[in-house]
Amino acid sequence: MADSTCSCGQCFQGWLSPRMRERLEYSTELRYGLAKSLLDTQDGLPTDVSRALPIDYAEIDIAFYYLPTELRAKITSSPGTDVSQADAIYRGYIAVFKAIKDLVASYDEDGKPQGFPTVSDVDKRISELREAPKDSSDAQGETTLNTKAREHLATYLDNGGTAEFALDCIVDRAREELSPLGKLYDAEKQYIDAVLDGTDGEAHAVCPNDLDFALVRVKLGLPVETRGVDIPEYGEAWRDPASDEE
């Protein structure tokens, strides 16, 4: 590519370096893993306890703050909130992270990761998942969502949800938590670097694209600025709760 900024010779299409790709993939796994652990906890409650998602659970998940204000208002614990709808919106939102996680895995070729899903790719995929018959298999050979999960995804989409919000969260949290550019990187630097270096068993040459998150946002179809600007400040010691799938 004439405008490629790659210096390592390993960037997908000249812009997505192996290390950046690993950051994005790891960020996807962390976001989905945290949310799934919250939902699993709620779903494991006794049958005589309401299984509608406690609204503060959604607010614990930092992904909540990447939703637009009007959509967040439907999930918060404000008076008059429809708890059942709030639960469905949040679960539908998390279904988008799962769809991204599955797409990332499907992009591997001959054991090598290739590319990363764009907003358009994910919007297309979640539209397919919403419409697919119960427990059928799609063209990718993957089992589609069950009826309840499709209802949750539909509720999220019908209330203004899109793939963009989840991808924005993944990219911005990769920058903030998994790169030297972020506020939360230093405390976990040694662990993060070990994970990134060991993802595919190969050492990667340093490349300008390793930290070019602005370029990633453009290539994935995201706005220049993240929506995640209203995240509460908890001080340097604040971290997401540990998930069950890291």
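Remember, it's a predicted structure, so these values are computed and weren't measured experimentally.

Counting residues in each nonpolar core, the largest one holds 50 residues, and the members touching the most others are Tyr93, Phe97, Ile100, Phe116 and Tyr156. Of all the elements in the fold, those that place two or more residues in this core are helix H1 (18–43), helix H4 (83–106), helix H5 (119–131), helix H6 (147–158), helix H7 (163–178) and helix H9 (213–220). Among the elements that make up this core, the one with the highest residue count is H4 (eleven residues). In this structure tyrosine 156 touches Leu67, Leu71, Ile89, Gly92, Tyr93, Val96, Gly161, Thr162 and Phe165, once residues within four positions along its chain are discounted.

This part is about the side chain of serine 17. Structurally, serine 17 can be placed in the segment before H1. Overall, serine 17 belongs to the buried group, its relative accessible area being 0%. A polar contact of 3.1 Å, which involves the side chain of serine 17, links it to the backbone nitrogen of methionine 20. Beyond its immediate stretch of four places on either side in the chain, serine 17 contacts Cys11, Cys207, Asn209 and Asp210.

What follows deals with the side chain of threonine 226. With respect to the secondary-structure elements, threonine 226 resides in the segment after H9. Here aspartate 168 takes part through its side chain, which lies 2.8 Å from a polar atom of the side chain of threonine 226. Non-local contacts of threonine 226, meaning those with residues more than four positions away in its chain, are made with Tyr66, Asp168, Asp172 and Arg217.

Turning to the packing of H4 against H6, a few remarks are in order. The contact between H4 and H6 brings their axes to 7 Å, and the two run at 95 degrees. Between H4 and H6, the interaxial angle falls into the category roughly perpendicular. Note on element contacts: H6 touches H4 through His152, Leu153, Thr155 and Tyr156, opposite Gln85, Ala88, Ile89, Arg91, Gly92, Tyr93, Ala95 and Val96. Of the residues contributing to the contact of H4 with H6, the split by class is seven nonpolar, four polar and one charged.

The subject of this paragraph is the confidence of the model for the protein. Averaged over all residues, the pLDDT of the protein equals 81, while 75% of them reach at least 70. No element of the protein has a lower mean pLDDT than helix H2 (residues 55–60), which averages 67, and none a higher one than H9, which averages 97. Overall, residues 234–246 carries pLDDT values under 50, and its contacts beyond four positions in sequence, including any with other chains, amount to 23 contacts.

Cut-offs used in this document
Residues numbered from 1 in each chain as written. Predicted model: local features only at pLDDT ≥ 70, side-chain atom pairs only at ≥ 80, totals over all residues. Heavy atoms only, no water. Core = buried A, V, L, I, M, F, W, Y, C linked by side-chain atoms within 4.5 Å. Buried < 20%, exposed > 50% of the residue type's maximum accessible area, 1.4 Å probe, protein only. Helix = DSSP H or I, 4+ residues; strand = E, 2+ residues; numbered from the N terminus. Contact = heavy atoms within 4.5 Å. Polar contact = N/O pair within 3.5 Å; in protein donor to acceptor, adjacent residues only side chain to side chain. Axes fitted to C-alpha atoms, helices over the stretch in contact; angles between N-to-C directions. Parallel < 35°, antiparallel > 145°, perpendicular 65-115°, else oblique. Nonpolar A, V, L, I, M, F, W, Y, C, P; charged D, E, K, R; others polar. pLDDT = per-residue confidence, 0-100.

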